[in-house]
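What follows is each chain in one-letter form.
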Amino acid sequence: MAESSRKRKTQVGARRRRGPAVNEPEEIIAPSQPQRLFSSVAQYERYTSKFSARDILEPIYPDDFIAEQNFECYDILHNLGLLPFLTNRQCYYPKLVRVFYSNLQITEEGVILSEVKHVKIRMDIDMFYHITQLGTQGSVLRETWFRNGEMFIQVTMQK
Amino acid sequence: MVQEWRDVYSSHNAKMMICRDNVNIGGRILAGQMKVETRILHYILCRCLVSRSTNLAQATEEDIILMWAMLTGRQVNWGHLIRYRMKKALRDYAPLPYANHITDIFIKFKVPLDDEPFEEINWRTGPIGSEVIHSFGFVKNQNGEWIHKRDMLDAPIHDDRTPSPPPQPTQDASAAMLNDIIHEIRDLRAFVGSRFDSIDARVT
């Protein structure tokens, strides 16, 4: 789909070039686009080669209906402190999301590093908690294996 | 903690907690075999928490452990799990999760957003509400309980005017297996239908 839209843009551009000379906003904006979003050529190249056409998982959220129907699962999510995260109804910025992931690194300590529009993002576990409201306590599921139907799970505690 | 999880967890018991009473839990667990509560929980788990785009119609072993932990009130470090999921999205061609949460990160770090194109969460496919639960195959009965349509169809019809059917031989294993296969085909059909709906919604 992304490929076909790219093709469409190329065809439109080609038609315009053959037509009368007019101010073409795409051509004026296009060269400044990398500088606007990225602070290095390497960032831009990584984005164009690996992330610019990525699909974005459409956000969804539990509707009030789930609460109104007194579903037990709603209470479970409430008790686990997951509702603030799950009921986030923010809009999203598809292009910037791709830029964010294109520059994303997550360290062994759980620190999130990225850069979007020249703004450096450095988010440690505590800041991640304040933004997402997701707890930092509990078992960490790193790897899970099953052997003959028995769980062989490695769980470790983390701050 | 590690030992406690290992000692208490049983795959069979976890599947029993998740599935309806009359389904075969011998093999893999399909979403269509779950109770209404666990079906919603599974949907939220694999669409919102550990977001993925494929394999939504069945519970992976990880899904089963996480659902068991949630149902038994055990704390999972969700922050860690979601960061791990974000890291996995860096693999080639993986779809990108948590787009709306990333907006909060942009706001926190004052990324200029004024002239950026944005999208609202789709009002039709975004909320997990009554339509989604109906699409799972659950309907409310006269007592206000959510019942799977299949269980309603399987239930005997109490009608005094209907003559009693002749005694049937007990279902043998092959008949039960055939039943399972038919149920799985129905699940797959419902799943494909809902996927087309969501594709349709994206296109329109």
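Note that this is a predicted model, so its numbers are computed, not measured.

Novice: Please set out the overall build of chain B residue by residue, giving values where relevant.
Specialist: In terms of helices and strands, chain B carries nine helices and five strands. The 204 residues of chain B split such that 29% are buried. In chain B, 55% of the contacts between residues at least 6 apart in sequence involve partners at least 24 apart.

Novice: An account of the overall build of chain A is needed here, citing residue identities and associated values.
Specialist: Along chain A, the regular secondary structure elements total eight helices and six strands. Looking at chain A as a whole, 26% of its 159 residues qualify as buried. Across chain A, contacts joining residues at least 24 apart in sequence account for 43% of those joining residues at least 6 apart.

Novice: Residues and numbers for unusual backbone geometry, please.
Specialist: Residues and elements named next belong to chain A. With phi around 50°, Lys-117 is a residue other than glycine that occupies positive phi space. Take Lys-117: it is sitting in the loop between β3 (112-116) and β4 (119-123). On the basis of neighbour count, Lys-117 is assigned to the partly exposed category, with 17 C-beta atoms found within 10 Å. Positive phi outside glycine occurs at Gln-133, with the angle close to 65°. Within the secondary structure, Gln-133 sits in the loop between α8 (125-132) and β5 (139-147).

Novice: Outline the interface of chain A and chain B, listing residues and values.
Specialist: Contact with chain A, which involves 64 residues of that partner, is made by 64 residues of chain B. Residue contributions to the side of chain A that touches chain B peak at seven residues, all from helix α7 (residues 94-102) of chain A. Partitioning the side of chain A that touches chain B into residue classes produces 41 nonpolar, 13 polar and 10 charged.

Novice: Can you lay out the sheet that holds β3(A) for me, pointing to particular residues and giving the numbers?
Specialist: Pairing in this open sheet of three strands is antiparallel, and the strands run β2-β3-β4 (chain A) from one edge to the other. The two strands at the open ends of the sheet, each matched to only one other strand, are β2 (105-106) and β4 of chain A.

Novice: Outline the packing of helix α3 (residues 41-51) of chain A against α7(A), supporting the account with residue identities and numerical values.
Specialist: Residues and elements named next belong to chain A. Taken N-terminus to C-terminus, the directions of α3 and α7 make an angle of 110°; their axes are 10 Å apart at the nearest point. Accordingly, the angle class assigned to the pair α3 and α7 is roughly perpendicular. Mapping the contact onto sequence places Arg-46, Tyr-47, Lys-50 and Phe-51 in α3 and Arg-98, Val-99, Tyr-101 and Ser-102 in α7. Taken together, the residues of the contact of α3 with α7 sort by class into four nonpolar, one polar and three charged.

Novice: Provide a residue-level description of the pairing of β3(A), including the pertinent values.
Specialist: All names here are of chain A. With four of five residues buried, β3 is to be regarded as a mostly interior element. When β2 meets β3, the two strands line up antiparallel, connected through two bridges. Residue pairing across strands places Ile-106 opposite Ile-112, the latter belonging to β3. Taking the residues that link successive antiparallel strands as the turn, the β2-β3 hairpin has five residues, and the phi of Gly-110 there is positive, at about 85°. As paired elements, β3 and β4 share five bridges and run antiparallel to each other. Paired with Val-116 across the bridge in β4 is Val-119. Counted between consecutive antiparallel strands, the loop separating β3 from β4 contains two residues, among which Lys-117 sits at a positive phi close to 50°.

The rules behind each value
Residues numbered from 1 in each chain as written. Chains lettered and ligands numbered in written order. Predicted model: local features only at pLDDT ≥ 70, side-chain atom pairs only at ≥ 80, totals over all residues. Helix = DSSP H or I, 4+ residues; strand = E, 2+ residues; numbered from the N terminus. Buried ≥ 20, exposed ≤ 12 C-beta atoms within 10 Å, placed from the backbone. Contact = placed C-beta atoms within 7 Å. Nonpolar A, V, L, I, M, F, W, Y, C, P; charged D, E, K, R; others polar. Pairing = 2+ DSSP bridges. Axes fitted to C-alpha atoms, helices over the stretch in contact; angles between N-to-C directions. Parallel < 35°, antiparallel > 145°, perpendicular 65-115°, else oblique.

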